[in-house]
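The primary structure of each chain is shown beneath.
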Amino acid sequence: MAAEVLARAKVRAAALGKTPRVLAIVANETPATKSYLSIKSKRAADAGCILEVQAFPESVSTEDLQAAIRASEADAIIVQLPLPPGVDTQSVCDSIPAEKDADVLSDSARQKFARGDAGAFVPPVVGAVAEIFRVHALEPKGKKAVVIGRGFLVGAPVAMWLAQEGAQVTVVGRSTQDFADILRGADIIVSGAGVPRLITPDMLKQGLALIDAGTSESNGEVVGDADPACAAKCSLFTPVPGGVGPLAVACLFENAVTLTESKA
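Computed from a predicted model, the values in this text were never measured in an experiment. (Residues numbered from 1 in each chain as written. Predicted model: local features only at pLDDT ≥ 70, side-chain atom pairs only at ≥ 80, totals over all residues. Heavy atoms only, no water.)

**Q** If you had to explain the state of the cysteines to someone new, which residues and values would you point to?
**A** For the coordinates displayed, the defined rule picks out zero disulfides. Of all cysteine sulfurs, the one in Cys-234 lies closest to Cys-230, which takes part in no disulfide; the gap is 6.1 Å. For Cys-234, a relative accessible area of 15% puts it in the buried group. (Disulfide = S-S within 2.5 Å. Buried < 20%, exposed > 50% of the residue type's maximum accessible area, 1.4 Å probe, protein only.)

Structure follows, in structure tokens:
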């Protein structure tokens, strides 16, 4: 599915007569960050884009990052999260111009998405979930949906989108009272908790859709929020790694191409 999204983005990029340039602002070069950027660089090429990385030391100031964003002539700008503890992350994200915010990180872009404004961009993880639902003909309207986690990148935007699509949405955390019982009543679960194997088969009813968008490390391996054994009870199940993540990256570059088209 990610390959299909990238391929259609590449066709659109080729029609522009210029190669879309995407700037990644990085100030926290961990092994995980380097891995993410390597993947994004490869997928950028698959989408007909160029990813340019501007790296800063962890001692960088909020103002320096804002200045780099303002000075950029790239067609789209992404900020690789997390940023160092001393940086005001939201202020940095808010400095991304709306016409360059492919990741929907700024408050202005996020508000347009939350209101459901015409032409509003959707965050890449939401785009990935929406694409999964579209391909598998899963209609959220009227379904009982549970979103695990309230995070900025997964839980909050996915809960907004599911509500916009007409689902009955409940947002929970692992400390929520009756957590397992709430999950058992769900037709759809989207999880972004980042807690290894938080969801077990006994918490699920037969035939639900389980979208695992949580990642964490366990015994040196990247794992999801759902125990893989959950798949046997699901009509739709996304694994970690290899599920939502690659599709979200593809949706990010599709957003970048759309932004470039708007300026053509």
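**Q** Describe the packing of helix α6 (residues 124-135) against helix α9 (residues 244-263), with residues and values.
**A** Look at α6 against α9: their axes get within 7 Å of each other, and the N-to-C directions meet at 110 degrees. With respect to α9, the element α6 is oriented roughly perpendicular. Here α6 and α9 pass one another in a crossing that is right-handed. Between α6 and α9, the residues in contact are Pro-124, Val-125, Gly-127, Ala-128, Glu-131 and Ile-132 and Val-244, Leu-247, Ala-248, Cys-251, Leu-252 and Asn-255, respectively. Looking at the contact of α6 with α9 residue by residue, the classes come out as nine nonpolar, two polar and one charged. (Axes fitted to C-alpha atoms, helices over the stretch in contact; angles between N-to-C directions. Helix = DSSP H or I, 4+ residues; strand = E, 2+ residues; numbered from the N terminus. Parallel < 35°, antiparallel > 145°, perpendicular 65-115°, else oblique. Left-handed = near helix turned anticlockwise from the far one by under 90°. Contact = heavy atoms within 4.5 Å. Nonpolar A, V, L, I, M, F, W, Y, C, P; charged D, E, K, R; others polar.)

**Q** Explain helix α1 (residues 2-14) residue by residue, including any values.
**A** Over its 13 residues, α1 runs 18 Å from end to end, which matches the ideal 18 Å to within 8%, given 1.5 Å per residue. Among all positions in α1, only Ala-2, Val-5, Leu-6, Ala-9 and Ala-13 are buried. Along the axis of α1, the buried positions cluster into a sector of 95 degrees, meaning they face one direction only. Those residues of α1 that are exposed and angled more than 90 degrees off the buried face are Ala-3, Glu-4, Val-11 and Ala-14. (Expected span 1.5 Å × (residues − 1). Arc of directions from axis to C-beta.)

**Q** Could you give me a rundown of unusual backbone geometry, with the residues and numbers involved?
**A** Looking along the chain, the bond that leaves Leu-81 and enters Pro-82 is cis, with omega of 0 degrees. The topology assignment puts Pro-82 in the loop between β3 (76-79) and α4 (89-94). At Asp-178, a residue that is not glycine, the phi angle is positive and equals roughly 60 degrees. With respect to the element layout, Asp-178 can be found in the loop between β5 (168-172) and α8 (179-184). Here Arg-197, not a glycine, exhibits a phi torsion of approximately 50 degrees, which is positive.

**Q** Now, about the pairing of β5: what can you tell me, with residues and values included?
**A** Note that strand β4 (residues 144-148) and β5 share five bridges and pair parallel. Following the sheet pairing, Lys-144 is matched in β5 by Gln-168. What joins β4 to β5 is helix α7 (residues 155-164), and the crossover it makes is right-handed. (Pairing = 2+ DSSP bridges. Right-handed = clockwise from strand over helix to strand, strands pointing away.)

**Q** I'd like a rundown of the nonpolar core, residues and numbers included.
**A** If you look at the biggest cluster of nonpolar residues, it comprises 48 residues, and the most contacted ones within it are Val-22, Phe-133, Val-158, Leu-162, Ile-211 and Phe-253. If you tally residues by element for this core, the top one is α9, at ten residues. (Core = buried A, V, L, I, M, F, W, Y, C linked by side-chain atoms within 4.5 Å.)

**Q** I'd love a proper account of the pattern of salt bridges, names of residues and values included.
**A** Summed over all chains, the structure comprises twelve salt bridges. Of the charged contacts in the structure, one is a salt bridge between Lys-18 and Asp-75, with a shortest N-O distance of 2.8 Å. Linking Lys-18 in the loop between α1 and β1 (21-26) with Asp-75 in the loop between α3 (62-71) and β3, this pair joins segments that are 57 residues apart in sequence. Accessibility expressed as a relative area gives 6% for Asp-75, which makes it buried. Linked by salt bridges that have partners in common, Arg-8, Arg-12, Glu-131, Arg-134, Glu-254 and Glu-261 make up one network. (Salt bridge = Lys/Arg side-chain N within 4 Å of Asp/Glu carboxyl O.)

**Q** With reference to specific residues and values, describe the environment of Ala-9.
**A** Following the sequence through the fold, Ala-9 ends up in helix α1. In sequence terms Ala-9 and Cys-251 are 242 residues apart; their C-alpha atoms lie 8.9 Å from each other. The contact partners of Ala-9, leaving out residues within four places of it in the chain, are Ala-47, Glu-254 and Val-257.

**Q** Can you lay out the sheet that holds β1 for me, pointing to particular residues and giving the numbers?
**A** Strand order across the open sheet formed by three strands is β2-β1-β3, with parallel pairing between neighbours. Every interior strand has two partners, whereas the edge strands, β2 (50-55) and β3, have only one. Direction aside, the axes of adjacent strands within the sheet are offset by 25 degrees on average. Alignment of β1 against β3, held across four bridges, turns out to be parallel. Across the sheet, residue Ile-25 finds its bridge partner in β3, namely Val-79. Together, β1, β2 and β3 form the strand contacts of α3, whose direction differs from that of β1 by roughly 175 degrees.

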